[in-house]
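# Structural characterization, general
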Amino acid sequence: MDRDLSEDDSVVDLSFEAESPLAAPTELLERLPGYDWLLQAGRGQTFFPPLEALGRPQEQRSWSSFLEHRVPVMTEEVAREALLSFVNSKCCYSSTVAGDLVIRELNQQTLCRYRLETFSESRISEWTFQPFTNRSVDGPQRGASPRLWDIKVQVPPMFQEDIRKFQVPHSSLVKECHKCHGRGRYKCSGCHGAGTVRCPSCCGAKRKARQSRRCQLCAGSGRRRCSTCSGRGNKTCATCKGEKKLLHFIQLVIMWKNSLFEFVSEHRLNCPRELLAKAKGENLFKDENSVVYPIVDFPLQDISLASQRGIAEHSAALASRARVLQQRQTIELIPLTEVHYWYQGKTYVYYIYGTDHQVYAVDYPERYCCGCTIV
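Now for a look at the structure at hand. The structure displayed is predicted, hence computed values, not measured ones. (Residues numbered from 1 in each chain as written. Predicted model: local features only at pLDDT ≥ 70, side-chain atom pairs only at ≥ 80, totals over all residues. Heavy atoms only, no water.)

Here the focus is helix H3 (residues 76–88). Here H3 contains 13 residues, and its C-alpha end-to-end distance of 18 Å stays within 8% of the 18 Å for a straight helix at 1.5 Å per residue. Among the residues making up H3, those that are buried are Ala79, Ala82, Leu83, Phe86 and Val87. Buried positions in H3, seen along its axis, are confined to an arc of 135 degrees and lie on one side of it. Exposed and facing more than 90 degrees away from the buried side of H3 are Glu77 and Asn88. Contacts from the buried residues of H3 go to helix H4 (95–100), strand S2 (102–131), strand S11 (323–343), strand S12 (346–353) and strand S13 (358–360). (Helix = DSSP H or I, 4+ residues; strand = E, 2+ residues; numbered from the N terminus. Expected span 1.5 Å × (residues − 1). Buried < 20%, exposed > 50% of the residue type's maximum accessible area, 1.4 Å probe, protein only. Arc of directions from axis to C-beta. Contact = heavy atoms within 4.5 Å.)

Structure, rendered in structure tokens:
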């Protein structure tokens, strides 16, 4: 079944080798001006961004106008409506309680949530390859490859993360495939080039045990066509896809990341902080620029300290490996109300948080599951 192969087309037995190496041996790759480290390190490298001057000077802010804004006071009617809406969204909660309970006390507190977003860009490069299909080669003969931070690309919308890959100009090299040694295929590991394997039904005996008639699965031959290579005895090289050559080039990987720092001011109520971190708030202050400066004079000291800490953390984490494109810091007011209510002789508590009046209720009475009361 195997066709005759010329010496040039001979098949190499790579049965015990990985089918698709991640990279070619470094000795095959020529040195490109400014990219010697790729051959020395044998892996990708992060390129430090160029240093840039800071933006505008820090502004003096007056918080009196900001603090004139107040979140609406919670009323019993709004508190009951919020609970009813919460109960109706739960299949196992009785709405009777929400209609019959007696609200005893409303403890309202307004929190502040500070957020810092830092949108940054980092670049790494590494050797990669793809099958060579006789297309034009943009190699060193066309000029020197540009430095990675000199390559101009379209930046995605601010604060939207993305990853893109680009081929570095003038970095392409054509080499013989290092997997199949330029033959385009290799000997099948399933049949070792024979094209057939021993019949699994009769184990090659041509007849099944204790039977006089020949094996029907292999028609008495004792062999079956190899399913791995479909009887060809060899497989197309998975690395070069049968093209025999590979186009090696330096790949630039650009990653845009939005780093987030959040802080919620201290409060005296027992509503979980993770809920408050996700709650919808009323915007009090927003500062967006290429560089933002710490808030130092906010009436709540923990918010000022959080701003200073967040900016310092982002600066330390990104300064050596990424270029900051834009920063945005916000302060939001998060309303929080603790509702004490009476129902059937017992006192319970639930919490209303966020401007959209989300509810957190731990010990809500009369909860059901599959028709059975949860005690």
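There's plenty left to go through after this.
Within the secondary structure, Trp342 is located in strand S11. Between the C-alpha atoms of Trp342 and Glu105, which are 237 residues apart in sequence, the distance is 9.7 Å. Setting aside residues no more than four positions away along its own chain, Trp342 makes contact with Leu101, Val102, Arg104 and Thr347.

We now examine the pattern of salt bridges. Summed over all chains, the structure comprises eleven salt bridges. Across the pair Glu332 and Arg115 runs a salt bridge whose closest N-O atoms are separated by 3.2 Å. You can see Glu332 sitting in strand S11 and its partner Arg115 sitting in strand S2, a full 217 residues away along the chain. Residue Glu332 is classed as buried on the basis of its relative accessible area of 12%. Residues Arg328 and Glu288 are paired through a salt bridge, measuring 3.7 Å at the closest nitrogen-oxygen approach. Separated by 40 residues along the polypeptide, Arg328 in strand S11 and Glu288 in strand S10 (residues 282–289) bring together distant segments of the chain. Glu288 sits in the partly exposed class, given a relative accessible area of 32%. Because the salt bridges share partners, they merge into one network encompassing Arg113, Arg115, Glu262 and Glu332. (Salt bridge = Lys/Arg side-chain N within 4 Å of Asp/Glu carboxyl O.)

The backbone phi angle of Ser230 is positive, close to 60 degrees, even though this residue is not glycine. Unlike most non-glycine residues, His357 shows phi in positive territory, near 55 degrees. On the secondary structure map, His357 appears in the loop between S12 and S13. Of the residues examined, His357 reaches a relative accessible area of 33% and is grouped as partly exposed.

What follows covers the pairing of S11. Most of S11 sits out of view: 19 of its 21 residues are buried. Relative to S11, S10 runs antiparallel, the two being bridged by seven bridges. Residue pairing across strands places Asp287 opposite Gln329, the latter belonging to S11. In the sheet, S11 pairs with S12 via eight bridges, with the strands oriented antiparallel. Within S12, the position partnered with Leu336 by the bridge is Tyr353. (Pairing = 2+ DSSP bridges.)

Function-wise, these values are silent; they only describe arrangement.
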